[in-house]
Amino acid sequence: MKKLFFNIMTLIAATSIFVACEEKPTTPPEEPEEPKVSSLKPIFAEDGATLQGISRNGQWAVGYAQNNDDNTGYTISASLWNLETGERTILATAEDGMSQANCVNDEGTIIGGAYLFQPAYYQDGEWHTLQLPEGFTMGIVKSMTEIDGQLIFVGYVQDNDNAQYLEAAKWVNGVYERANSNSLRNDRLGEEALVNTCYSISEDGKVIMGSLEFNARPNATVFITTPNDAFIINTKTEQNRNLGYILWPSMSANGKYITGCYRHSVFTAGSEFADPDIYQPFIYDVESKKFQMFEKENVEWGGWAVDNNGVVYANTPVESHPIRQGYIITNGEAVELEQMLLTNGITQEQIDAVLPPATEQYENKLGTIIAVSRDGKTIIGCAGECAAYNWVAKIAK
């Protein structure tokens, strides 16, 4: 049973490699100085650890490695990185057992994730586990914030007797509550949703974004809760007729925008039948509930992250190969990641310096964009096959 849990945790970890998440302190910390010169630095991890999340101010990153000693595939060595110095702090060793770090506050003092399969956060040198509801024995934290001294986490809990039953979860000062209301119990196809999770909570704590049946295609359904509303994203447009579904959604720090990988069928004008399924990034405005796809001919791509200005950070391909090409999408216009960096003063030599050996194999591409700070000026990613060769870009713009 635990092996199934390991696989689900690994999958959900992958789905949220793009989520920026952190605590909002009562007294806001000083924002880091804007970089006067753009920079691109390697963050190499000998154990193959990959960055998974970033503080909203872009000063810290968190991540973990994968247990490769057996076939269970659970996560180990939850870690915190200082993005200014590159220094890594391991929060739980491989010998400690399962651990995971997914989100971090602006000061780098509180990290949310999991420890020994329990939803937990790390603070003051130790792990603190969160309450589990009756009948649930496992879980994980995906995102957090702090409002008026209340520490709020979101994620999921799991029934140990049924590895295929996950409940979207919210914790306020360590106390559990279900995150999706009774009106959000069925997926987009009207079926009861049994495998659910929260991915992100906005900085002000007012918007929670998650997914119903996130691993059941085509049932996967993104849900949103606000103080006055609870709803699922309507992806219907004239071209797709709502026949698609969203994978691996990500929300901006301010809770205004959502992106992800939208897999759907496209109807050619005048045709009664749909073309083969394609992947496209999108942007969804939470306030206006407007859904907009971004098209690129003959390209399988999807959104990985979005900043507070609605700029989308996308990658291609989506599933077929781990070596990717990143894109920055601003007002519908897409620019390759490397071209954006070159335009902002990064040299080709700096790009080559963060790539794995045999750079010709990767065609001088930086690989996967993972996450972005609230202002879009700090981007983290992972080159090659997205293990060990992490990088951080600071943009002076």
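Check the entry above for the structure.
Calculation rules
Residues numbered from 1 in each chain as written. Predicted model: local features only at pLDDT ≥ 70, side-chain atom pairs only at ≥ 80, totals over all residues. Heavy atoms only, no water. Phe/Tyr/Trp six-rings, centres within 6.5 Å; stacked < 30°, edge-to-face > 60°. Helix = DSSP H or I, 4+ residues; strand = E, 2+ residues; numbered from the N terminus. Buried < 20%, exposed > 50% of the residue type's maximum accessible area, 1.4 Å probe, protein only. Pairing = 2+ DSSP bridges. Axes fitted to C-alpha atoms, helices over the stretch in contact; angles between N-to-C directions. Salt bridge = Lys/Arg side-chain N within 4 Å of Asp/Glu carboxyl O.

1. Comments concerning the packing of aromatic side chains
Taken as a whole and judged by the stated rule, the model has 11 aromatic pairs. Geometrically, the ring pair formed by Y121 and F153 is stacked, given 5.0 Å between the ring centres and 25° between the ring planes. On the criterion of sequence distance, the pair formed by Y121 in strand 8 (residues 118–123) and F153 in strand 11 (residues 150–159) is long-range, its members being 32 residues apart. When sorted by exposure, Y121 lands in the same class as F153, which is buried. Seen in terms of ring centroids, W248 and W304 are 6.4 Å apart; in terms of plane orientation they differ by 45°. Their pairing is tilted. A residue pair is termed long-range when its members are at least 10 positions apart, and W248 in strand 18 (residues 245–251) and W304 in strand 22 (residues 302–306) qualify at 56 residues. Judged by its relative accessible area of 14%, W248 is buried. A residue is classified by how much of its surface remains accessible, and W304, at 3% relative accessible area, is buried.

2. Examining the sheet that holds strand 26 (residues 368–372)
The strand order 1-28-27-26 describes an open sheet built from 4 strands, whose pairing is antiparallel. Two strands in the sheet have a free side with no partner beyond their single neighbour: strand 1 (39–44) and strand 26. Pairwise comparison of adjacent strand axes, ignoring direction, gives a mean angle of 25° for this sheet. Relative to strand 27 (residues 378–382), strand 26 runs antiparallel, the two sharing 4 bridges. Within strand 27, the position partnered with T368 by the bridge is C382.

3. Remarks on the sheet that holds strand 5 (residues 88–90)
What the 4 strands build is an open sheet, ordered 2-3-4-5; its pairing is antiparallel. In this open sheet, the two strands that pair with only one neighbour each are strand 2 (50–54) and strand 5. This sheet shows a mean twist of 30° between the axes of neighbouring strands, independent of strand direction. Of the strand pairs in this sheet, strand 4 (residues 75–82) and strand 5 are connected by 3 bridges, and their pairing is antiparallel. Paired with W81 across the two strands is R88, which belongs to strand 5.

4. Things to note about the pairing of strand 17 (residues 229–232)
The pairing of strand 16 (residues 221–226) with strand 17 spans 4 bridges and is classified as antiparallel. Of the residues in strand 17, the one forming a bridge with T226 is D229.

5. Quick notes on the pattern of salt bridges
Applying the stated criterion across every chain yields a total of 7 salt bridges. Among the salt bridges present, the one from D106 reaches R374, with a minimum N-O distance of 3.1 Å. A residue pair is termed long-range when its members are at least 10 positions apart, and D106 in the loop between strand 6 (99–104) and strand 7 (111–115) and R374 in the loop between strand 26 and strand 27 qualify at 268 residues. R374 shares its class with D106; the two are buried. For D229, the salt bridge goes to K289, with nearest N and O atoms at 3.1 Å. Here D229, found in strand 17, pairs with K289, found in the loop between strand 20 (278–285) and strand 21 (290–293); they are 60 residues apart in sequence, far enough to count as distant. In this structure K289 comes out as partly exposed when scored by relative accessible area, which is 41%. Residues joined by salt bridges that share partners form a network here, namely D106, E203 and R374.

6. Section: unusual backbone geometry
Leaving glycine aside, a negative phi is the common case for residues, and trans is the common case for peptide bonds. Residue R217 is joined to P218 through a cis peptide bond whose omega torsion reads 10°. One can find P218 in the loop between strand 15 (208–212) and strand 16. Between T316 and P317 the backbone carries a cis peptide bond, its omega angle lying at -5°. Here P317 shows up in the loop between strand 23 (312–316) and strand 24 (325–330). Located in the positive-phi region is D124, a residue other than glycine, with phi close to 55°. Looking at where D124 falls in the secondary structure, it is placed in the loop between strand 8 and strand 9 (126–129). Judged by its relative accessible area of 72%, D124 is exposed. One non-glycine residue, E213, adopts positive backbone phi at about 50°. Within the secondary structure, E213 sits in the loop between strand 15 and strand 16.

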